[in-house]
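Now for the letters of each chain:
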Amino acid sequence: MVHMREKESRKARQQENRKQREIIRRMDERLVAYREDEVLFGILKWFYTGIILLFLLMPAEMCLEKGGRSMGFVGLMWTTVIAPMGYLAIYRNIKEQGKQVSYLKKIKYLPLDLRQIKLVRIGYLAQFLKKIVLIACAEQLVIGTLICGQNIFLGIAYAVMMAGVIPLAWNALIIWLEK
Amino acid sequence: MLLELEHVTGIGKRKFLSDISFSLPAGYLMGLAGKNGAGKTTLLECIVSRKKQYNGIIRLNGEDIRTDYRKTMQQIGFVSDENPFLFDYTARQNGEIFGMAYENWDMELFLELLKRMDVAAGQKVGNLSRGQFIKFQTAFAMAHGSVLYLLDEATAGMDPVFRREFFCILHEIIGTEQASVLMTSHIETEISQKMDYVAVLEDGKLISFGEAGDTL
């Protein structure tokens with residue numbers, strides 16, 4: 001009986017959390033739509049994506065060799081630190097009277113669960129990176145495997161790690177620790 | 001009881017507050033009086049803040065407010081200069097965006113209230129005067145069906161005409177919505193004449209509590 005009640009309350013909580021995430025997404029949509037700098041963020045998004053894909057054009061083997069490591073490192077920094085931060089900036093900060101103000105501070109008295117907000121942000125990032133991983137895998141297959149003859153698994157593992165796992169893990173941690 | 005505080009003692013940066021207990025039934029105006037620095041704002045922050053930096057119990061409608069922040073804030077309308085709305089967005093846009101967070105949000109009512117309170121819905125919130133900002137927040141709180149209104153020095157610096165009008169609005173709130181208002185103020189006449197209950201704070205301690213006529 002107790003077990004059943006626990007299960008039901010867990011289910012209700014999950015449902016409530018799902019509802020919260022949906023509200024947060026709708027709030028974000030509206031917030032972005034009203035931003036005066038929305039177009040600028042759109043352009044920046046394409047810029048970040050373009051640079052990531054340029055870095056990932058280089059076959060994995062070349063990046064792992066001694067001479068290509070510095071290039072690989074710069075690429076990793078871009079995909080992990082610069083691009084995701086720039087991509088998420090539109091949701092994390094609000095420009096107000098010339099200053100950037102944290103969105104979390106703006107909603108501090110609203111009936112929203114901070115954990116759900118953070119999960120939504122991580123979800124945005126995962127969606128963004130998922131597309132990049134797919135294109136990066138294609139790049140590695142064509143340039144790395146078909147043209148340069150590198151091992152197919154090495155190319156895919158490299159694309160998944162560089163454009164997916166490492167950036168997602170790092171930025172999820174940053175988002176989760178944000179106050 | 002709508003709001004009950006039992007031996008509330010601040011911790012951390014709110015440790016200044018010491019052993020505060022009182023209760024407020026639904027349908028009344030209560031003044032929280034005291035000099036600057038007496039702990040009035042700190043006490044309100046204990047109720048609305050996500051971090052519950054206090055020992056003791058605060059109940060809203062019989063439920064400990066620590067258990068569910070979302071549920072608590074659905075029922076509270078907080079009006080304060082420190083309330084961080086979107087200042088570069090218009091009053092209407094603020095309602096459209098932040099209103100979504102509330103289950104009982106009524107956009108039509110919000111716009112109607114803004115009109116009645118003479119606040120332009122198309123004006124950026126950052127450009128509103130202090131009085132208009134207070135009215136805007138009151139309209140926002142009313143539009144999401146608050147049952148407890150927490151007003152932090154809302155009438156400070158207001159001209160007498162506006163203050164009278166503001167109290168008419170508050171009486172309407174407690175009369176029609178069966179809500180209560182807890183309002184900080186250091187204007188003694190305002191508290192003694194307009195409030196039903198009064199709690200007086202001094203150096204973070206509650207020194208008296210009761211009906212307005214008896215307490216002041």
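Worth saying up front: this structure is predicted, and the values here are computed from it rather than measured.

A. Here's a closer look at the sheet that holds strand E4 (residues 54–60) of chain B. Residues and elements named next belong to chain B. Pairing is antiparallel in the open sheet, where four strands are placed in the order E2-E1-E4-E5. Of all strands in the sheet, those bounded by a partner on one side alone are strand E2 (20–24) and strand E5 (63–64). Of the pairings in the sheet, the one linking E4 to E5 comprises two bridges and is antiparallel in character. In the sheet register, Leu60 faces E5, and the bridge partner there is Glu63. Of the strands in this sheet, strand E1 (3–10), E2 and E4 touch helix H1 (residues 40–48), which is tilted by about 70 degrees from E4.

B. Structural view of the packing of aromatic side chains. All names here are of chain B. As enumerated under the stated definition, the model contains 22 aromatic pairs over all chains in all. Between the aromatic rings of Phe85 and Phe136, the centroid separation amounts to 4.9 Å while the plane-to-plane angle is 75 degrees, which identifies the pairing as edge-to-face. Here Phe85 is found in the loop between strand E6 (76–79) and helix H3 (91–98), whereas its partner Phe136 is found in helix H5 (residues 130–143), with 51 residues between them in sequence. For the pair Phe85 and Phe136, a shared accessibility class is recorded, and that class is buried. Ring pairing ties together the aromatic residues Phe85, Phe87, Phe98, Tyr102, Trp105, Phe110, Phe133, Phe136 and Phe140, which thus form one cluster. Of note, Arg66 hangs over the ring of Tyr54, and the distance from its end group to the ring centre comes to 4.2 Å.

C. A look at the sheet that holds strand E7 (residues 148–152) of chain B. All names here are of chain B. Strand order in the open sheet made by the six strands is E6-E7-E8-E3-E9-E10, with mixed pairing throughout. Of all the strands in the sheet, just E6 and strand E10 (205–211) have a single pairing partner and so form its edges. The mean inter-strand angle of the sheet, taken between neighbouring strand axes irrespective of direction, is 15 degrees. Examined bridge by bridge, E6 and E7 share four bridges and lie parallel to one another. Counted as the bridge partner of Phe78 is Leu150 from E7. Across the sheet, H5 touches E6 and E7, and the angle it forms with E6 is around 175 degrees. Here helix H6 (residues 160–176) sits on the sheet in contact with strand E3 (29–33), E7 and strand E8 (180–185), set at roughly 150 degrees to E8.

Reading the values: rules and limits
Residues numbered from 1 in each chain as written. Chains lettered and ligands numbered in written order. Predicted model: local features only at pLDDT ≥ 70, side-chain atom pairs only at ≥ 80, totals over all residues. Heavy atoms only, no water. Pairing = 2+ DSSP bridges. Helix = DSSP H or I, 4+ residues; strand = E, 2+ residues; numbered from the N terminus. Contact = heavy atoms within 4.5 Å. Axes fitted to C-alpha atoms, helices over the stretch in contact; angles between N-to-C directions. Phe/Tyr/Trp six-rings, centres within 6.5 Å; stacked < 30°, edge-to-face > 60°. Buried < 20%, exposed > 50% of the residue type's maximum accessible area, 1.4 Å probe, protein only. Lys NZ or Arg CZ within 6 Å of the ring centre and 35° of its normal.

Function cannot be read off these values alone, since they describe shape.
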